Amino acid sequence: MVNTGSFGAWGRPGTVTKLALALSLIGLLAMVGCSTGRDAGWSMNQRALLGAIEQFRDLAGKDAPGAFSRFMDPGTSEVFDEVTACGWVESHPFGLPEGLSKRVWSFFFNTSLYGVQYTGPQNALVAFYNPWSDVVVITMWSTDGKWMFISDAEVLAGDFLRKAGRPPYLGVPLWKRGEQLPLTAVADADYRTIRAFHDVFKPMLPHAPAKDRKLSADEIKALSKKASDWRKHLPNLKNQKLLDANYLSAGLMLNRNFASIDTFGKDARFASIYKECVSTLERLQNGQLEKVLATADETPAQTRKALAEEMTDKWNRVSLVSFADSKACRFVFLQTDKKADYYLCFTYRPGAAKNQWRLRRIDLINHKAYYRDKMGKKEGAK
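Values in this document were obtained by computation on a predicted structure and should not be read as measured data. (Residues numbered from 1 in each chain as written. Predicted model: local features only at pLDDT ≥ 70, side-chain atom pairs only at ≥ 80, totals over all residues. Heavy atoms only, no water.)

(A) Inspection of the packing of aromatic side chains at higher detail. This model, assessed by the stated rule, comprises 28 aromatic pairs. The structure contains a cluster of three or more aromatic residues connected by ring pairs, namely Phe56, Phe68, Phe71, Phe80, Trp105, Phe108, Phe109, Tyr114, Phe128 and Trp141. (Phe/Tyr/Trp six-rings, centres within 6.5 Å; stacked < 30°, edge-to-face > 60°.)

(B) Looking closely at helix H9 (residues 271-285). Counted at 1.5 Å a residue, the expected span for H9 with its 15 residues is 21 Å, and the 21 Å between its end C-alpha atoms agrees. For H9, every residue scored as buried is listed here: Ile273, Cys277, Thr280, Leu281 and Leu284. With its buried residues spanning 95° around the axis, H9 presents them on a single face. Following H9 by one or two positions, Gly287 adopts a phi angle in the positive range, close to 80°. (Helix = DSSP H or I, 4+ residues; strand = E, 2+ residues; numbered from the N terminus. Expected span 1.5 Å × (residues − 1). Buried < 20%, exposed > 50% of the residue type's maximum accessible area, 1.4 Å probe, protein only. Arc of directions from axis to C-beta.)

(C) Expanded view of the sheet that holds strand S5 (residues 135-143). Judged by pairing direction, the sheet is antiparallel, and its four strands sit side by side in the order S3-S4-S5-S6 without closing on themselves. A strand with exactly one partner marks an edge of an open sheet, and here the two such strands are strand S3 (113-120) and strand S6 (148-157). Between one strand axis and the next, the sheet turns through 20° on average, direction left out of account. Here strand S4 (residues 123-130) runs beside S5; their pairing, made up of eight bridges, is antiparallel. From the neighbouring strand, Asn123 faces S5, where its bridge partner is Ser142. The sheet contacts of helix H3 (residues 78-88) involve S5 and S6, and relative to S6 the element is tilted by about 20°. (Pairing = 2+ DSSP bridges. Axes fitted to C-alpha atoms, helices over the stretch in contact; angles between N-to-C directions. Contact = heavy atoms within 4.5 Å.)

(D) Structural detail: unusual backbone geometry. Of note, the amide linkage connecting Pro167 to Pro168 takes the cis form, showing an omega dihedral of 5°. Structurally, Pro168 is set in the loop between helix H5 (158-162) and helix H6 (182-201). Even without being a glycine, Asp134 presents a positive backbone phi close to 60°. Even without glycine at this site, Ala164 takes up a positive phi of about 55°. Tracing the sequence through the fold places Ala164 in the loop between H5 and H6.

(E) Here's a closer look at the side chain of Thr280. Here Thr280 shows up in helix H9. Excluding anything up to four places from it in sequence, Thr280 contacts Val292, Phe346, Tyr348 and Leu359.

(F) Local environment of the packing of helix H1 (residues 46-60) against helix H4 (residues 100-110). Contact geometry of H1 with H4 gives a least axis separation of 7 Å together with a crossing angle of 135°. Regarding the angle of H1 to H4, the classification is oblique. Considering only the axes of H1 and H4, their crossing is left-handed. Two secondary-structure elements touch here, H1 through Phe56, Arg57 and Ala60 and H4 through Trp105, Ser106 and Phe109. Looking at the contact of H1 with H4, its residues break down into four nonpolar, one polar and one charged. (Parallel < 35°, antiparallel > 145°, perpendicular 65-115°, else oblique. Left-handed = near helix turned anticlockwise from the far one by under 90°. Nonpolar A, V, L, I, M, F, W, Y, C, P; charged D, E, K, R; others polar.)

(G) Seen up close, the pairing of S4. Most of S4 sits out of view: eight of its eight residues are buried. Across the two faces of S4 the burial is the same, with Asn123, Leu125, Ala127 and Tyr129 and Ala124, Val126, Phe128 and Asn130 all buried. Relative to S4, S3 runs antiparallel, the two sharing seven bridges. Bridging across to S4, Gly120 finds its partner in Asn123. Taking the residues between adjacent antiparallel strands as the criterion, S3 and S4 are bridged by two residues. Following S4, the chain reverses through four residues before pairing antiparallel with S5; Asp134 in that reversal takes a positive phi of roughly 60°.

(H) Examining a negative patch on the surface more closely. Taken together, the side chains of Glu78, Asp81, Glu82 and Asp244 make up a negatively charged region of the molecular surface. Among the elements that line the negative patch, the one with the most residues is H3, at three residues. Its location among the elements puts Glu78 in helix H3. (Patch = residues over 30% accessible without salt bridge, like charges linked within 9 Å, V, L, I, M, F, W, Y side chains within 5 Å. Areas by Shrake-Rupley, 256 points an atom, 1.4 Å probe, with all protein chains shown as cover. Salt bridge = Lys/Arg side-chain N within 4 Å of Asp/Glu carboxyl O. Lys, Arg positive; Asp, Glu negative; His and termini not counted. Charge placed at Lys NZ, Arg CZ, Asp CG, Glu CD.)

(I) Representation of the pattern of salt bridges in the model. Using the criterion set out here, one finds 17 salt bridges in the structure. Note that Glu54 is salt-bridged to Arg57, the shortest N-O span being 3.1 Å. Taken together, the positions of Glu54 and Arg57, both in helix H1 and three residues apart, correspond to about one turn of that helix. Notably, a salt bridge pairs Asp188 with Arg192, separated by 3.7 Å at the nearest N-O pair. One end of the pair, Asp188, and the other, Arg192, are both in helix H6, four residues apart, so they sit about a helical turn from each other. Arg192 sits in the partly exposed class, given a relative accessible area of 32%.

(J) The packing of H3 against H4, seen in detail. Two elements in contact, H3 and H4, have axes separated by 10 Å at closest approach and are oriented at 105°. Relative to H4, H3 is oriented roughly perpendicular. Here Phe80, Asp81, Val83, Thr84 and Trp88 of H3 come into contact with H4, specifically with Leu100, Ser101, Val104, Trp105 and Phe109.

(K) A look at the environment of Pro235. Here Pro235 is to be found in the loop between helix H7 (217-228) and helix H8 (240-266). Classification of Pro235 by relative accessible area gives partly exposed; the value is 49%. Linking Pro235 and Arg166, residues 69 residues apart in sequence, is a C-alpha distance of 9.6 Å.

Below, the structure is given as structure tokens:
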């Protein structure tokens, strides 16, 4: 048990005295810090905010309800149960099983990346994006000069944010739509979604000289009021029918990603590939990377080097985060609990025997590097 007072100025005291920090089923810590703005003379200090975000996400990845109680204003977290209910209503029409919502949202934050958009001297929007389910949680962070807390939150299907609220909101994650190979489609979904977040809310950042000088109490109050109306930049959030459709899409995609993980581990159709994956991880944990790569002979040379440098002592900390299959290939996605910017993709192809699949390629994808590369090409094209 951990006394929540140890979080210092990150999260207000008194809401919860103790939180159970039991390890979640799938352990992962991942983030992309894409921030804009300056904190000169502002009480929303950039370093303190990023520290608070990390504390929140770390706690939410272990105990989402506990993190909500610790960091969110009362009533703010109700949207999470609503979205979970939308996603599981068919299988649980009479109510959610105890602990389901906790499992869903702990997994969500454990496998999320985030972007930050400063909106004023006491406010910042933070988007947590889970590419596996293609769902975004937008949170408004506020400060009274001493405590940092989440004053507002909304859950969006990725389509809602990327399309500025325009329907339809497909119930299939962006990376699974066949626009490109799954191994890079995940990073591309992250880039496109976090980029859309910045594009939508960048106009909220106060212009100079407001952000470069001390502000009066009246100016701070006016800017905070303006920041609290962030939903006007996505007008369809005020359309209840579209908002409900958005919740349904987000809930279904969360459900389907969980289903893909369960299917991979339990369905007889995937028994051979599951067994092969477990065996491969055991060999990697025993330091047999070269032997594994001798079979996974389509692994690029650059990736072979990166695996030796980045993953040598981390194979015992990888967890399954998603699974995808097609007639020609099957893809197993894994992430580590201590490597923020990477995910692994194991690509399997049919073997000689019936229902046999062989690991032919391993990829190690860096979300942050992909984002920077895409941004560089975007800037270069101007």
